[in-house]
Amino acid sequence: MGHRALLFKTGSGLFLALERGDTVQEEISMNFCISTRELRLSAKLAKEAARALAQPYHTGALVDLILCEEGCEAVGAFLAAELGGGSVLSLNRGSDIHIGTLRLSEQETCTREELPLRGKSILLLTDLLMSPKRARRAADYILGSGAALSGVCALFGVPGEVEKRKIQCLFEASDLSGFCTWREENGLSDGPLRSDTGK
């Protein structure tokens, strides 16, 4: 691995730890190793991250349940509190929004707990979302369970859409100068998916 650095979110105390060097998330290779550990484990940072992620959902989506990728439960709990205690105009004001854990891997997508999903409006919260295919797999699981998808948000990710809903990223790939991703099949790269060299 290469040089360690921090990426700060302008106007906040939020940051990601990163190191130059190739890493892989499922089928996507990246030229940085990105750690959201502090955002997920520090109560202060998790609460601030939740406040930033909640903004588009105060007036734009009803949320009954937040399904958090494993490890994101603290951010999810603060996100539920932020949405439930929102402004007078918030669709979720006064709601008791529940949180659950989603196992999201190439092999399986399931909830850790036995959760009744049918009829719920679900917000998906992920850690690193580098592939729209990964978000699509989670959305298919949610919709296949008889629930509605209220939105998708990620601590770090590549922007996109799932079920005509914009993926809300706390940190986007474009925030990181020189960041790029690529797919490798049979050990051969098929070229970059995204390259952000400016900034």
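Counting of residues starts from 1 at the beginning of each chain's written sequence and follows it residue by residue. Only residues with pLDDT of at least 70 are given local features in this predicted model, and only at 80 or more are side-chain atom pairs given and counted; all residues enter the totals for whole chains, interfaces and linings. The basis for every side-chain value is the complete set of non-hydrogen atoms in the structure, without hydrogens or water.

Chemist: Sorry, what's going on with the overall build of the chain here?
Modeler: Numbered from the N terminus, helices here are DSSP runs of H or I no shorter than four residues, and strands are runs of E no shorter than two. Within the chain, the regular secondary structure consists of 5 helices and 12 strands. Per-residue accessibility, obtained with a 1.4 Å probe over protein chains only, is compared with the maximum for each type, and a residue is labelled buried under 20%, exposed over 50%, and partly exposed between these values. Looking at the chain as a whole, 48% of its 199 residues qualify as buried. Here, residues are in contact when the closest pair of their heavy atoms is within 4.5 Å. Within the chain, residue pairs in contact and separated by at least 24 positions form 62% of the contacts whose partners lie at least 6 positions apart. For the chain, the exposed area adds up to about 9800 Å²; of that, 50% sits on carbon and sulfur atoms. Per-residue and other accessible areas were derived by the Shrake-Rupley procedure at a 1.4 Å probe size, with only the shown protein chains allowed to occlude residues.

Chemist: What is the right way to read the nonpolar core from this model?
Modeler: One broad trend across soluble globular proteins is that nonpolar side chains are buried collectively. Ranked by internal contacts, the top residues of the largest apolar core, which has 37 residues, are Ile66, Leu79, Leu83 and Phe156. Mapped onto this core, the elements with two or more residues apiece are strand S2 (15-25), helix H2 (43-54), strand S4 (65-69), helix H4 (73-84), strand S7 (121-129), strand S8 (148-157) and strand S10 (165-172). Per-element accounting of this core gives the leading share, 6 residues, to H2. Counting 19 residues, the second-largest nonpolar core is a separate cluster that includes Leu67, Leu129, Leu149 and Val152. By nonpolar core is meant a set of buried Ala, Val, Leu, Ile, Met, Phe, Trp, Tyr and Cys residues that side-chain atoms within 4.5 Å join together.

Chemist: Hey, could you run me through the pairing of S10 in this one?
Modeler: It is a general feature of regular strands that their side chains alternate between the two faces of the sheet. Pairing between strands requires that DSSP locate at least two bridges from one strand to the other. Bridge count between S8 and S10: 5 bridges; the pairing is parallel. Looking across to S10, one finds that valine 152 is bridged to isoleucine 167. Two strands pair when backbone bridges link them, and strand S9 (residues 161-162) and S10 are joined in this way by 2 bridges, in the antiparallel orientation. Each residue of the ladder has a partner; that of glutamate 161, found in S10, is lysine 166.

Chemist: Which parts of the structure should I look at to understand unusual backbone geometry?
Modeler: Glycine aside, the phi torsion of most residues is negative, and most peptide linkages are trans. If you check the backbone angles, glutamate 163 has positive phi at about 55° while not being a glycine. Topologically, glutamate 163 is positioned in the loop between S9 and S10. Positive phi values are uncommon outside glycine, yet lysine 164 reaches one of about 60°. Mapped onto the secondary structure, lysine 164 falls in the loop between S9 and S10. Among the residues examined, lysine 164 registers a relative accessible area of 78% and is labelled exposed.

Chemist: What's the story with H2 in this structure? I'm lost.
Modeler: Since the α-helix packs 3.6 residues into each turn, any two residues three or four apart lie on the same face. A helix is expected to span 1.5 Å for every residue after the first. If you check H2, its first and last C-alpha atoms are 16 Å apart, about what 12 residues at 1.5 Å a residue would give, namely 16 Å. Within H2, burial applies to Leu45, Ala46, Glu48, Ala49, Ala50, Leu53 and Ala54.

Chemist: What exactly am I supposed to notice about the packing of H2 against H4 here?
Modeler: Think of each axis as a best-fit line through the C-alpha atoms, taken over the contacting stretch in the case of a helix, with angles from 0 to 180 degrees between the N-to-C directions. The contact between H2 and H4 brings their axes to 8 Å, and the two run at 50°. Between H2 and H4, the interaxial angle falls into the category oblique. H4 is crossed by H2, and the crossing has right-handed handedness. Side by side, H2 and H4 meet where Ala43, Ala46, Lys47, Ala50, Arg51, Leu53 and Ala54 of the first sit next to Ala74, Val75, Phe78, Leu79, Glu82 and Leu83 of the second. Under the grouping applied here, Gly and all other residues not named as nonpolar or charged are polar, the nonpolar ones being Ala, Val, Leu, Ile, Met, Phe, Trp, Tyr, Cys and Pro and the charged ones Asp, Glu, Lys and Arg. By residue class, the composition of the contact of H2 with H4 is 10 nonpolar, no polar and 3 charged. Put simply, angles under 35 degrees are roughly parallel, angles over 145 are roughly antiparallel, angles from 65 to 115 are roughly perpendicular, and the rest are oblique. Throughout, a crossing is termed right-handed when the near helix is turned clockwise from the far one, and left-handed when it is turned anticlockwise from it by less than a right angle.

Chemist: When you look at the confidence of the model for the chain in this model, what are you seeing that I'm missing?
Modeler: When pLDDT is low, close inspection of the predicted coordinates is not appropriate. Scored by pLDDT, the chain has a mean of 78; 76% of the residues are at 70 or more. Predictor confidence is given residue by residue as pLDDT, running from a minimum of 0 to a maximum of 100. The low-confidence segment residues 186-199 (pLDDT under 50) makes 36 contacts with residues lying over four places distant or belonging to another chain.

Chemist: Help me understand the pairing of S8, please; the structure alone is not making it clear to me.
Modeler: Buried residues dominate S8, accounting for 9 of its 10 residues. Taken together, the 8 bridges between S7 and S8 define a ladder with parallel strand orientation. Residue pairing for S8: leucine 123 is matched across the bridge by glycine 151. By convention a crossover is right-handed if, when the strands point away from the viewer, the path from the first strand over the helix to the second runs clockwise. Handedness of the S7-helix H5 (residues 132-144)-S8 crossover: right-handed.

Chemist: What am I meant to see in the pattern of salt bridges here?
Modeler: Working definition: two side chains of opposite charge can pair if their charged atoms are close together. One side-chain nitrogen of Lys or Arg within 4 Å of one carboxyl oxygen of Asp or Glu is enough to make a salt bridge. The tally for this structure, following the rule as stated, stands at 6 salt bridges. As a salt-bridge pair, aspartate 140 and arginine 136 come within 2.7 Å of each other at their nearest N and O atoms. Highlighted residues: aspartate 140 and arginine 136, both in helix H5, separated by 4 residues, approximately one helical turn. Aspartate 140 gets classed as partly exposed once you look at its relative accessible area, which sits at 42%. Linked by salt bridges that have partners in common, Arg136, Asp140 and Glu163 make up one network.

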